[in-house]
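Chain by chain, the residues run as shown.
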Amino acid sequence: MILPDIDSVHLLPVTEDLIFVQYSGPLTPFNAAEGLLVLPKTGRNRTAIALDVNIPPAAVAALNDALGPFSDYICTSGRPAHITGLYAWEQTGAAVHAPKPEFEGIIDLKKAFKGLGFNERMKFSQFRNAMDSLGYRPPQSVVPYRPGNIFRFDNLVVGTMPFKGSSSSHVGLMLVNERIFHIGTLGCDNERPVCGGMGPV
C-alpha cells in the first residue's frame, strides 16, 4: 500500500492495514496524541476506525480524504492531549467514543476543569483560554464507554484496559486478534496518579 503524503503527519505501517500516526507539526504535550488507524480488511472490519489519533483538524480532514471514511473514533482519555481535535473527527462522520467519567469534560469544559484537577491550580478563565489556544472545540456528542469495555466493529475486537496511574478514565487499547497494544500514555505502570492527580505527562 502506498500511504499518502500529508504535511506534518508521519504514517508508519505496523501491518498492511494498520497504520501508526504521529504528528510532527507545531504542538505542545497538550494538543496531540499519537494513535492508530485500522483500515478496512475483508473479513475483519468494513470501515476504517481511528484509535486515539488526536491531531489538528486539517490533518484529520486529509487523513479522512485519503484513507476514510472513518466510522468510529475511540478516545482513550479526557485529558487535553486526547481531546482537542475530537470535533474534527466528528465532522468527518465518525462516532466519537470516550471513557467514563472523563467523557463529560470533553463536551463541558467546566467538568474537565474540575474533574482533571485544574481547579486546584488556576482559574477557569485561564483553563478555558489555554484550551482555546490549543484549538479545542467541543464535539456535539460523545458515546461514553466504561474503561474495560470491549468494542466489536464487525470482526475487529478492540479491548480497553484502565490505566489508573494516569487518570481516572485513561485506557490502553488492545487489538485482540492482531495482538497489538496501544498504550497512549505514560504512567500506565503506576497504581495511581503521581503528578497532581494526572500521572506523568
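Let me begin by describing the structure that accompanies this report. Position numbers for residues count from 1 along each chain, tracking the sequence in the order it is written. The predicted origin of the model limits local features to residues at a pLDDT of at least 70 and limits the giving and counting of side-chain atom pairs to 80 or more, whereas totals for whole chains, interfaces and linings rest on all residues. Side-chain measures were taken over the full set of non-hydrogen atoms in the model, leaving aside hydrogen atoms and water.

**A word on the packing of aromatic side chains**
Working definition: a ring pair exists when centres of Phe, Tyr or Trp rings (six-membered ring for Trp) sit within 6.5 Å. Plane angles under 30 degrees give stacked, over 60 give edge-to-face, the rest tilted. A complete count under the given rule lists nine aromatic pairs for this structure. On the numbers, 5.2 Å between centres and 35 degrees between planes, the contact of Y73 with W89 is tilted. Pair noted here: Y73 is in strand β5 (residues 70-74) and W89 is in helix α3 (residues 86-91), with a separation of 16 residues, a long-range link. Buried means the residue's accessible area, taken with a 1.4 Å probe over protein chains only, is under 20% of the maximum for its type, while exposed means over 50%, and partly exposed covers the values in between. Note on Y73: relative accessible area 0%, which makes it buried. Per the convention used, a helix needs a DSSP run of H or I reaching at least four residues, while a strand needs a run of E reaching at least two, with both numbered from the N terminus.

**Remarks on the sheet that holds strand β8 (residues 150-153)**
Strand pairing is assigned whenever DSSP identifies at least 2 bridges connecting the two strands. Taken in spatial order, the four strands make up an open sheet running β8-β9-β10-β11, and their pairing is antiparallel. The sheet is open, and its two edges are formed by β8 and β11 (180-182), each paired on a single side. Each adjacent strand pair in this sheet contributes to an overall mean axis angle of 20 degrees, direction not counted. In this structure, strand β9 (residues 156-162) lies alongside strand β10 (residues 171-175), joined through five bridges in antiparallel fashion. Pairing of M161 across the sheet is with G172, part of β10. In this analysis an axis means a line fitted to C-alpha atoms, helices contributing only their contacting stretch, and an angle means the value between N-to-C directions, from 0 to 180 degrees.

**Section: the environment of V142**
Structurally, V142 is set in the loop between α6 (124-133) and β7 (143-145). The buried category is assigned to V142, whose relative accessible area is 12%. In sequence terms V142 and E90 are 52 residues apart; their C-alpha atoms lie 9.0 Å from each other. Once residues within four sequence positions are removed from consideration, V142 is found in contact with V96, H97, A98, F103, I106 and I107. Contacts are assigned to residue pairs with any non-hydrogen atoms lying within 4.5 Å of each other.

**What about the pattern of salt bridges?**
By definition here, a salt bridge exists when the distance from a side-chain nitrogen of Lys or Arg to a carboxyl oxygen of Asp or Glu is within 4 Å. Evaluation of the coordinates by the stated rule reveals three salt bridges. Among the ionic pairs, D154 bridges to R46, the shortest N-O distance being 2.5 Å. One end of the pair, D154, is in the loop between β8 and β9; the other, R46, is in the loop between β3 (35-38) and β4 (48-51), and 108 residues separate them in sequence.

**A word on the nonpolar core**
Core analysis: the largest hydrophobic core is formed by 38 residues, its most contacted members being L37, L63, Y73 and W89. If you tally residues by element for this core, the top one is helix α1 (residues 57-67), at four residues. Residues in contact with Y73, not counting those within four places in the same chain, are A50, D52, V53, N54, H82, L86, W89, A94, A95, V96 and H97. Joining through side-chain atoms within 4.5 Å is the link that ties buried Ala, Val, Leu, Ile, Met, Phe, Trp, Tyr and Cys residues into a set, and such a set is a nonpolar core. Core analysis: the second largest hydrophobic core is formed by 15 residues, V38, L51, Y145 and V171 among them.

**Topic: the pairing of strand β6 (residues 95-99)**
The buried fraction of β6 amounts to four of the five residues, a majority that puts the element mostly inside the structure. As paired elements, β5 and β6 share three bridges and run parallel to each other. Each residue of the ladder has a partner; that of I74, found in β6, is H97. Across three bridges, the pairing between β6 and β7 is parallel. Considered in β7, the bridge of H97 is made with V143.

**Focus: α1**
Listed in full, the buried residues belonging to α1 are A59, V60, L63, N64 and L67. For α1, the arc enclosing every buried residue in end-on projection is 135 degrees, short of the 170-degree limit, so these residues lie on one face. In α1, the exposed residues that point more than 90 degrees away from the buried face are A58 and D65. On the buried face of α1, the contacting elements are β1 (9-15), β2 (18-23), β3, β4, β5 and α3. Here the arc refers to the directions that run from the helix axis out to each C-beta atom.

**Digging into unusual backbone geometry**
Here the amide bond leading from G68 into P69 is cis, since omega sits at 5 degrees, within 30 degrees of zero. Mapped onto the elements of the fold, P69 is located in the loop between α1 and β5. Of note, the bond from K100 into P101 is cis; its omega dihedral lies within 30 degrees of zero at -5 degrees. Looking at the element boundaries, P101 is found in the loop between β6 and α4 (103-107). With a phi close to 60 degrees, D52 is a non-glycine residue in the positive phi region.

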